[in-house]
Amino acid sequence: MHGIVVIGVSAGGLRALEMICSALEPDLRIPILIVQHTSPNSGSYMAEHLDELAKLSVVMAEDKMKVDPGVIYIAPGGYHMFLESDEHICLSIDERVCYARPSIDVLFESVADILPESMLGIVLTGANSDGTNGARAIKAVGGRIVAQDPATADSAVMPLSVIEAGLADEVLALPEIAQLINQYAKQFREGL
Amino acid sequence: MSLESTESVELDLLLESILRVYGYDFRHYARSSLKRRIKSFLEKKCVRNYSELQAILLHDRESFSQFLLEMSITVTDMFRDPLFYQSFRQLVVPVLKTYPYLKIWHAGCATGEEVYSLAILLHEEGMLERSTIYGTDFNATALSKAKSAIYGIDRLSNFASNYLQFGGEANFSDYFITKYQSAKVQNFLTKNVTFASHNLVTDNVFGEMNVIFCRNVLIYFNAELQNRVLDLFCDSLCQLGYLCLGAGETINYSTQSRNFETVSKEYKIYRKTSMGSS
């Protein structure tokens, strides 16, 4: 796998994801995996809603789904989401992490574990510290971490936790984060 | 030759040695979630790496039992995913009612909560008397808990709230006898339930079932093992039998997808077509 973007978001997440997904360019040649803290019975509403707003296709992830470039995958409620080294999604209903399932740490750590050539981890608005350990794992293998500017977040705790742990390479507002993803993806366009 | 990471070699050796010494085969489990489970076990045992764990597990059977429990227990609830049960009642029960006798298999039933949920549902539909429900798991500790039909009283309120969301109309606590801190499922619900040891990874076809429940078990397997287990399910189902998976699971990416039709896309209920080999 060349490049990949992972995003973690909690309280206030729908608005943040609407803003980012609608600003992404249609020809991104990387997959984007998103964990939004949701309840088990939330269904596929959010993926469908974001799919309508975005130029890329947005799907709710299912176990063993192949991860393709140019597609945004949202973790289903009640399941942890992992990326397997053969570029498939894997789900589990193991214990909650930071009170959450899906947990951002679980996704980020699994992506760091399979060592893609390059990865961009983004932690957005949220009211707990899920994502900080995951950000540490991504940094440890040379990935890049962006935290939403806490001043612009509905709930500052989650991005602040990443920043205070000294893990954020950049601290940005939502429109700039979307621009950064577009730019990050451009480097993978050649040769594909 | 291409070199592998120490960790990945250690993990292969650990799984290989568990198979050869204890007969449990985790080699075809999904690597990402398996690693996370084993790592959390490493932390509990204050062990640094897979090799150290291997030495402990091979020389200490008690530690291996703990390990096995850790690898196989999934926490579940009665009427977990209440809307699934609702959809099962609406879409599948009317067909099952036309059958004189029912055989239902809960594969990977863990501690039995979902088995008894089904017993309650069948009782309410007047079908329990002519049904046999088989609950199987490879974990003996989980099975004995399932057989006991006893749950902590602190879990009842959660069970009851799921039951309400499912659309249950009875007084849920009537299904239990409570004593001190425990709630035991009433005998009329347990008498048509049979528990047995069965390992999906290594064991074989299980009867001519009308329905197979296997919810949130396949997610722990890799694609190859999933295909094998789905073959086993297809062979264990009678013609037009139903297969119910977990909400995050699907048959679509497997080689068996051609032998099943979708009854509920959202709640992952499938039906074996007449084309499916039996």
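Values in this document were obtained by computation on a predicted structure and should not be read as measured data.

Quick notes on the rules
- Residues numbered from 1 in each chain as written.
- Chains lettered and ligands numbered in written order.
- Predicted model: local features only at pLDDT ≥ 70, side-chain atom pairs only at ≥ 80, totals over all residues.
- Heavy atoms only, no water.
- Helix = DSSP H or I, 4+ residues; strand = E, 2+ residues; numbered from the N terminus.
- Rg over C-alpha atoms; globule rule 2.2 N^0.38 Å.
- Buried < 20%, exposed > 50% of the residue type's maximum accessible area, 1.4 Å probe, protein only.
- Contact = heavy atoms within 4.5 Å.
- Areas by Shrake-Rupley, 256 points an atom, 1.4 Å probe, with all protein chains shown as cover.
- Lys, Arg positive; Asp, Glu negative; His and termini not counted.
- Charge placed at Lys NZ, Arg CZ, Asp CG, Glu CD.
- Patch = residues over 30% accessible without salt bridge, like charges linked within 9 Å, V, L, I, M, F, W, Y side chains within 5 Å.
- Salt bridge = Lys/Arg side-chain N within 4 Å of Asp/Glu carboxyl O.
- Buried area = accessible area lost by both parts, 1.4 Å probe.
- Polar contact = N/O pair within 3.5 Å; in protein donor to acceptor, adjacent residues only side chain to side chain.
- Nonpolar A, V, L, I, M, F, W, Y, C, P; charged D, E, K, R; others polar.
- Pairing = 2+ DSSP bridges.
- Axes fitted to C-alpha atoms, helices over the stretch in contact; angles between N-to-C directions.
- Parallel < 35°, antiparallel > 145°, perpendicular 65-115°, else oblique.
- Phe/Tyr/Trp six-rings, centres within 6.5 Å; stacked < 30°, edge-to-face > 60°.
- Lys NZ or Arg CZ within 6 Å of the ring centre and 35° of its normal.

Thoughts on the overall build of chain B
In terms of regular secondary structure, chain B is built from 11 helices and 10 strands. Taking 19 Å as the expected radius of gyration for a compact globule of 278 residues, we find that chain B reaches 20 Å, a close match to that expectation. Expressed as lengths along the three principal axes of its C-alpha atoms, the size of chain B is roughly 60 × 55 × 30 Å. The 278 residues of chain B split such that 53% are buried. For chain B, the proportion of contacts with a sequence separation of at least 24, taken over those separated by at least 6, is 74%. In the form shown here, chain B has an accessible surface area of approximately 12300 Å², with 52% of it arising from carbon and sulfur atoms. Between the averaged position of the 29 positive side-chain charges in chain B and that of its 30 negative side-chain charges there is a distance of 2 Å.

Digging into a negative patch on the surface
Together, E48, D51 and E52 of chain A together with E266 of chain B make up a region of like negative charge exposed at the surface. Tracing the backbone through its elements, the reader meets D51 of chain A in helix 2 (residues 45-53). By relative accessible area, which is 33% here, D51 of chain A ends up partly exposed.

Re the interface of chain A and chain B
Taken together, the contact pairs 21 residues of chain A with 30 residues of chain B. It is K64, Y79 and I93 of chain A that lose the most area in chain A upon contact with chain B, and together they represent 29% of the buried surface on that side. The interface formed by chain A and chain B contains four salt bridges. For the pair chain A and chain B, the interface holds 15 residue pairs in polar contact (both at pLDDT 80 or more). No other element matches the four residues that helix 3 (residues 104-113) of chain A contributes to the side of chain A that touches chain B. Counted by class, the side of chain A that touches chain B contains nine nonpolar, three polar and nine charged residues.

Quick word on the sheet that holds strand 7 (residues 209-214) of chain B
Residues and elements named next belong to chain B. Taken in spatial order, the seven strands of this open sheet run 6-2-1-7-8-10-9, and their pairing is mixed. The open sheet terminates on both sides in strands that have one partner only, identified here as strand 6 (193-197) and strand 9 (260-264). Here the strands of the sheet are splayed against their neighbours by 20° on average, with no regard to which way each runs. Where strand 2 (residues 131-137) and strand 6 come together, five bridges link them in parallel fashion. Considered in strand 6, the bridge of Y134 is made with T194.

Some thoughts on the pattern of salt bridges
This model, assessed by the stated rule, comprises 23 salt bridges over all chains. With its nearest N and O atoms 3.0 Å apart, the salt bridge here joins E129 of chain B to K191 of chain B. In this pair, E129 of chain B is assigned in the loop between helix 7 (113-124) and strand 2 and K191 of chain B in the loop between helix 10 (187-190) and strand 6, connecting sequence segments 62 residues apart. Relative accessible area serves as the criterion here: at 61%, E129 of chain B is assigned to the exposed category. Several salt bridges converge on common partners, so that one network encompasses D113 of chain A together with E7, K35 and K39 of chain B.

A word on the packing of helix 2 (residues 31-44) of chain B against helix 3 (residues 50-59) of chain B
Residues and elements named next belong to chain B. Between helix 2 and helix 3, whose axes approach to 11 Å, the crossing angle comes to 70°. Compared by their axis directions, helix 2 and helix 3 come out roughly perpendicular. For the pair helix 2 and helix 3, the contacting residues are K35, I38, K39, F41 and L42 in the first and Y50, L53 and L57 in the second. Residues belonging to the contact of helix 2 with helix 3 are distributed by class as follows: six nonpolar, no polar and two charged.

Some remarks on the packing of aromatic side chains
Residues and elements named next belong to chain B. Tallying each qualifying case throughout the model produces 30 aromatic pairs over all chains. Taking the centre distance of 5.7 Å and the plane angle of 50° together, the rings of Y24 and F138 count as tilted. Here F138 lies in the loop between strand 2 and helix 8 (140-148) and Y24 lies in the loop between helix 1 (6-22) and helix 2, a separation of 114 residues in the sequence. Accessibility expressed as a relative area gives 23% for Y24, which makes it partly exposed. With a centroid separation of 6.4 Å and an interplanar angle of 70°, the aromatic rings of Y116 and Y151 are classed as edge-to-face. Taken together, the residues span a long stretch of sequence, with Y116 in helix 7 and Y151 in strand 3 (residues 150-152) at a distance of 35 residues. Both residues of the pair, Y116 and Y151, count as buried. Among the aromatic residues, ring-to-ring pairing joins F79, F84, Y85, F88, Y163, F166, F172, Y175, F176, F188 and F213 into one connected group. Over the ring of Y220 we find R37, and its NZ or CZ is 4.7 Å from the ring centre. Positioned above the aromatic ring of F84 is the side chain of R215, whose terminal nitrogen or guanidinium carbon lies 3.9 Å from the ring centre.

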